[in-house]
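Summary of the model geometry
What follows is each chain in one-letter form.
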Amino acid sequence: MILLNQILQGVFLGAYYALIACGLSFLFGVMRIVNLAHGSLAVLAAFLMFGLSDRLGLSPWLALLAAVPVMALVGWLLQLLVLERSLRGGALVPLLSTFGLAIVLDNLLFEGFGADTRSLSPYIGDLSFASWALTNDISVGQLDVLGLAAAVVLLGGLQMLLARTRLGRVIRATAEDPEIVGLIGIDARAVYALATAIAMALVAIAGAFLAMRATFTPYSGGAQLIFAFETVVIGGFGSLWGTLAGGIVLGVAQNLGAYVSPNMFLISGHVVFLAVLVARVWLGEVSWRRLRARVA
Amino acid sequence: MAILSVESLDARHGLLQAVRGVSLSVAERETLALVGANGAGKTTLLRTIAGAHRASGGRIVFDGADITALPAHRRARRGIALVPEGRRLFAGMTVEENLLVAGGRGAGGEWTLDRIVETFPQLKAKLKARAGDLSGGQQQAAAIARALMTNPRLLLLDEVSLGLSPVAVDGVYASLRGLLGGGATVVLVEQDLARALRIADRVVCLLEGRIAYEGAARGTTREQVMRAYFGLRGAAG
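**Let's talk about the sheet that holds strand S1 (residues 2-13) of chain B**
All names here are of chain B. Pairing within the open sheet is antiparallel, and its four strands lie in the order S2-S1-S4-S5. Edge positions in the open sheet fall to strand S2 (16-27) and strand S5 (65-66), since each of these has one partner strand only. Where strand S4 (residues 55-62) and S5 come together, two bridges link them in antiparallel fashion. Paired with Val61 across the two strands is Asp66, which belongs to S5. Lying over the sheet, helix H1 (residues 42-50) contacts S1, S2 and S4, oriented at roughly 65° with respect to S2.

**Quick look at the environment of Trp61(A)**
Looking at the element boundaries, Trp61(A) is found in helix H3 (residues 60-87). For Trp61(A), a count of 13 C-beta atoms within 10 Å puts it in the partly exposed group.

**What to know about the packing of helix H2 (residues 38-56) of chain A against helix H4 (residues 93-113) of chain A**
All names here are of chain A. As a packed pair, H2 and H4 sit with axes 9 Å apart at the nearest point and diverge in direction by 25°. The angle between H2 and H4 places the two elements in the roughly parallel class. As for how H2 packs across H4, the hand of that crossing is left-handed. Across the interface between the two elements, Ser40, Leu41, Val43, Leu44 and Phe47 from H2 touch Ala102, Leu105, Asp106, Leu109 and Phe113 from H4. Of the residues assigned to the contact of H2 with H4, the class counts are eight nonpolar, one polar and one charged.

**Examining the packing of helix H1 (residues 2-31) of chain A against helix H8 (residues 188-213) of chain A**
Residue and element names in this part refer to chain A. Between H1 and H8, the least distance of the axes is 8 Å, while the angle of their chain directions is 170°. For the element pair H1 / H8, the angle class is roughly antiparallel. Along the contact surface, H1 presents Tyr16, Leu19, Ile20, Cys22, Gly23, Phe26, Leu27, Val30 and Met31, while H8 presents Tyr192, Ala195, Thr196, Ile198, Ala199, Met200, Leu202, Val203, Ile205, Ala206, Phe209 and Arg213. Here the residues of the contact of H1 with H8 are counted per class, giving 18 nonpolar, two polar and one charged.

**Topic: the nonpolar core**
Counting 170 residues, the largest nonpolar core has Leu19(A), Ala45(A), Met49(A), Met200(A), Ala204(A), Leu156(B) and Cys205(B) as its most contacted members. Sorting elements by how many residues they give to this core places H8(A) first, with 20 residues. Here Ala204(A) is in contact with Ala45(A), Leu64(A), Ala67(A), Val68(A) and Met71(A), once residues within four sequence places are set aside.

**Brief notes about the sheet that holds strand S10 (residues 210-216) of chain B**
Residue and element names in this part refer to chain B. In spatial order, the strands read S6-S7-S8-S3-S9-S10; together these six strands make up an open sheet with mixed pairing. In the strand order of this sheet, the two ends are held by strand S6 (80-83) and S10, each with one partner. For this sheet the average axis-to-axis angle between neighbouring strands, irrespective of direction, equals 15°. Sheet topology note: the strand S3 (residues 31-36)/strand S8 (residues 186-189) ladder contains four bridges and is parallel. Within S8, the residue paired with Leu34 across the bridge is Val189. In the packing of helix H5 (residues 136-148) onto the sheet, contacts are made with S6 and strand S7 (154-158), and the angle to S6 comes to roughly 170°.

**Remarks on the pairing of S10(B)**
Residues and elements named next belong to chain B. Bridge count for strand S9 (residues 202-207) against S10 is six bridges, and the pairing is antiparallel. Among the inter-strand pairings, Leu207 is bridged to a residue of S10, identified as Arg210. As consecutive antiparallel partners, S9 and S10 are separated by two residues, and within that stretch Glu208 has a phi angle of approximately 50°, a positive value.

**Overview of the interface of chain A and chain B**
In this assembly, 15 residues from chain A lie in contact with 22 residues from chain B. Those elements giving two or more residues to the side of chain A that touches chain B turn out to be helix H6 (166-176) and helix H7 (178-183) of chain A. For the side of chain A that touches chain B, the element with the highest residue contribution is H6(A), accounting for six residues. Tallied by class, the residues present in the side of chain A that touches chain B amount to six nonpolar, two polar and seven charged.

Thresholds, definitions, all that
Residues numbered from 1 in each chain as written. Chains lettered and ligands numbered in written order. Predicted model: local features only at pLDDT ≥ 70, side-chain atom pairs only at ≥ 80, totals over all residues. Pairing = 2+ DSSP bridges. Helix = DSSP H or I, 4+ residues; strand = E, 2+ residues; numbered from the N terminus. Contact = placed C-beta atoms within 7 Å. Axes fitted to C-alpha atoms, helices over the stretch in contact; angles between N-to-C directions. Buried ≥ 20, exposed ≤ 12 C-beta atoms within 10 Å, placed from the backbone. Parallel < 35°, antiparallel > 145°, perpendicular 65-115°, else oblique. Left-handed = near helix turned anticlockwise from the far one by under 90°. Nonpolar A, V, L, I, M, F, W, Y, C, P; charged D, E, K, R; others polar. Core = buried A, V, L, I, M, F, W, Y, C linked by C-beta atoms within 7 Å.

Everything listed here is a matter of geometry and, on its own, says nothing about what the molecule does.
This is the structure:
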């Protein structure tokens with residue numbers, strides 16, 4: 001029963017990882033950019049909501065409502081001021097510029113908020129610890145269920161957007177060939193800016209769950225980026241449902257590792273990530289030729 | 001009246017000047033064939049007109065307005081559509097999605113999915129198929145259809161027969177003839193000289209980025225164009 005509980009809690013943890021990763025996956029799917037500032041931007045959103053709740057007394061849910069458009073605006077500016085210019089220098093330059101941006105953001109947050117750990121959990125009342133007992137041995141946290149529901153709704157919504165709407169078709173077409181979308185009357189720059197804004201709106205939601213379910217500091221972004229990156233690699237870069245599956249695999253692996261020994265929580269996730277990466281390369285799903293073509 | 005005027009146009013690929021001082025005009029409902037050897041500058045000229053390549057000098061006037069500085073998407077909205085060499089469909093999307101993404105700006109123009117299927121019957125059974133899975137001829141038809149869905153006033157066709165089987169080329173040209181009969185304005189790059197002379201009203205031959213011959217297709221012989229093609233004397237039209 002304990003093992004089953006570990007797996008179940010791993011699924012909920014994985015849903016959180018999927019939430020953190022979906023913006024990263026979406027941005028890569030559309031623009032072929034691995035945004036190394038992703039984790040730091042999630043922490044920025046978390047601090048934004050913390051500031052609104054702690055200093056202005058806003059409910060965290062209202063703070064989230066405010067943070068989503070603010071982060072979307074941050075995404076739009078990020079595209080116009082950083083990513084667009086970086087992409088002109090080749091596929092590797094955005095890696096460097098977003099890495100630099102992450103350092104700048106981390107240190108600006110440190111300057112502004114200091115090194116103290118923060119959390120939004122004191123501001124959400126019982127939700128931070130309330131749970132439903134499924135059996136005598138297994139309970140599920142209400143916040144965890146909310147996180148899983150949010151992950152399914154967001155990833156499903158994104159999938160619907162991409163598959164069923166004109167905007168989704170435009171985004172997919174731009175991801176395939178930005179020059180050709182220009183030739184059929186679509187401004188690829190505007191599509192990229194919109195896609196980055198959507199990705200950052202998703203980051204705001206991820207930041208809210210980060211802040212509500214755990215503590216964070218200005219330097220928490222690195223760990224969030226690693227979990228997001230591992231989730232996306234396990235699930236397949238650019239695949240939205242794969243992101244949910246990847247998150248769950250990572251979360252379950254970590255919890256099963258912790259079941260064996262508490263020290264194995266992180267390492268078991270990394271081992272699964274490495275195993276998937278190596279398997280993909282060896283099995284040819286991500287061949288080196290394709291990797292090289294993406295970098296070229 | 002000319003719908004397109006190109007005046008002393010230059011275009012470069014780095015140090016290489018691919019288009020050198022080209023001036024030409026295209027009248028409404030006219031079909032102009034651009035011919036020339038590989039590297040003569042035909043594709044660069046089309047791409048520069050469409051805005052996919054930056055002009056380094058000269059002017060492009062479309063429908064009375066100078067569009068030289070406009071980005072490609074704004075030229076497309078004004079009515080210029082390019083069918084690029086190699087088709088370049090959105091391979092991961094269905095044929096229908098390729099068409100809808102080009103035609104969905106609510107312009108309410110004459111080209112609809114129904115009319116596309118009428119004009120390109122080979123696409124009827126393939127609307128739900130992935131564009132990347134089509135045969136070469138079907139892909140070319142889909143690429144032309146995608147350009148038409150933007151309801152263009154000027155259609156630029158780059159090497160529509162390249163890499164296709166003779167049967168597929170006949171199929172594409174059968175559809176094109178219907179299009180031209182309907183009064184479309186077309187600039188066509190074509191390697192098959194005989195076919196270009198048959199379908200066009202006028203022919204322009206480029207040699208090393210310059211116009212080496214220009215004349216009415218009906219009065220032009222294959223020999224005249226071939227002399228211009230290879231830069232031999234006595235080719236001027």
